[in-house]
Amino acid sequence: MTTIRSLDLFGCNQITDAGLGHLPGTLQADAYAGFNLLFESGDIREAACWAHARRKFFDLHHARPSALTKEALAQIGMLYAIEDDIRGKPPDQRRAVRQAKSLALIDNFETWMRATLPNLSRKSDTTAAIMYSLNLWPALKLYCDDGTVEIDNSAVERALRGVAIGRRNYLFAGSDKGGERAAAMSTLIGTAKLNGVDPEAWLRYVLTHVADHPVNRIEQFLPWHFVLTGASAISPA
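Rules behind the numbers
- Residues numbered from 1 in each chain as written.
- Predicted model: local features only at pLDDT ≥ 70, side-chain atom pairs only at ≥ 80, totals over all residues.
- Heavy atoms only, no water.
- Helix = DSSP H or I, 4+ residues; strand = E, 2+ residues; numbered from the N terminus.
- Contact = heavy atoms within 4.5 Å.
- Axes fitted to C-alpha atoms, helices over the stretch in contact; angles between N-to-C directions.
- Parallel < 35°, antiparallel > 145°, perpendicular 65-115°, else oblique.
- Expected span 1.5 Å × (residues − 1).
- Buried < 20%, exposed > 50% of the residue type's maximum accessible area, 1.4 Å probe, protein only.
- Phe/Tyr/Trp six-rings, centres within 6.5 Å; stacked < 30°, edge-to-face > 60°.

Enquirer: Pulling in residues and values, what's your account of the side chain of Thr 69?
Expert: Examined against the element boundaries, Thr 69 turns out to sit in helix H4 (residues 67-86). Ignoring any residue separated from it by four or fewer positions in sequence, one finds Thr 69 in contact with Phe 57, Leu 60, His 61 and Arg 64.

Enquirer: Could you give an account of the packing of H4 against helix H5 (residues 91-116), with specific residues and numbers?
Expert: Closest axis-to-axis distance for the H4/H5 pair is 10 Å, and the angle between their directions is 175°. The angle between the axes of H4 and H5 places the two elements in the roughly antiparallel class. Within the contact between the two elements, H4 uses Leu 68, Glu 71, Ala 72, Gln 75, Ile 76, Met 78, Leu 79, Ile 82, Glu 83 and Ile 86 and H5 uses Arg 94, Val 97, Arg 98, Lys 101, Ser 102, Leu 105, Ile 106, Asn 108, Phe 109, Trp 112 and Thr 116.

Enquirer: Which residues make up helix H11 (residues 176-194), and what are the values?
Expert: With 19 residues, H11 should cover 27 Å at 1.5 Å per step; its first-to-last C-alpha distance of 27 Å lies within 8% of that length. One or two steps after H11, the chain reaches Gly 196, where phi turns positive at roughly 70°.

Enquirer: Describe helix H3 (residues 50-63), listing the residues and the values that go with them.
Expert: Across its 14 residues, H3 extends 20 Å between first and last C-alpha, which sits within 8% of the 20 Å expected from 1.5 Å per residue. Of the positions making up H3, those classed as buried are Trp 50, Ala 51, His 52, Ala 53, Phe 57 and Leu 60. Its buried side turned inward, H3 meets strand E3 (44-48), H4, H5, helix H6 (125-135), helix H7 (137-141) and helix H8 (154-159).

Enquirer: Describe the side chain of Ser 102, and please don't skip the residues or the numbers.
Expert: Within the secondary structure, Ser 102 is located in helix H5. By relative accessible area, which is 0% here, Ser 102 ends up buried. When residues no more than four places from it in sequence are discounted, the contact partners of Ser 102 are Leu 79, Ile 82, Glu 83, Val 97, Tyr 143 and Cys 144.

Enquirer: Quick rundown of the packing of aromatic side chains? Include the residues and the values.
Expert: All chains considered together, the criterion is met by eight aromatic pairs. A ring pair is formed by Tyr 205 and Phe 221, whose centres lie 6.4 Å apart and whose planes are at 65°; its orientation type is edge-to-face. Here Tyr 205, found in helix H12 (residues 199-209), pairs with Phe 221, found in the loop between H12 and strand E4 (226-228); they are 16 residues apart in sequence, far enough to count as distant. A residue is classified by how much of its surface remains accessible, and Tyr 205, at 18% relative accessible area, is buried. On the numbers, 6.4 Å between centres and 10° between planes, the contact of Phe 221 with Phe 226 is stacked. Looking at Phe 226, the relative accessible area reads 5%, which means it is buried. Grouping aromatic residues by their ring pairs yields a cluster made of Trp 50, Phe 57, Phe 109, Trp 112 and Trp 137.

In short, geometric facts, not functional conclusions.
The structure is reproduced here in structure tokens:
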């Protein structure tokens, strides 16, 4: 099953317009309500992000440390300790370990949170942090059933940080077409990076040779067809 990694940079309509609204798979993100429409058909499964759930307790603990926030962070920390041991392992191995170890910890955490709630004010920040997790509980547990899904989407957020930082600049792309071209270039540059190709060297090669290249073989310029041959030289693989 295709797994889609995402960040809350786009609205639901834009994702649907891009075709992801009809692409089966898993969308991992925070609890942004704009994504809810994507999950209605059941074609796309929701995988919640434990980093976002943890952040609710972490921010509280940083501002006003308490035994409750300390315990919550400790229990979530045990889940991350398991992930440290299986990072990079094949999906079937990761799923097996999560089924054997993580699921029990998650169930214990749910029991602890539900037992804690009656002792808190409904309007307290700790209650809000607990309810954030409980409202996403099936989506938070989903990663245990699929070894291709990560415990959080932090890696994607780090990868897209440059895009997020530039959002204000992108407001002045000049037109919708300008924005689309900027998005296309970001995709090409990102694809080059994912394939271990220096984007600047690759773009230099493409711009130098594309005018004389047959249009029906333009896919030969895609980044995964290239290798670095020197500090800044690049050539077709």
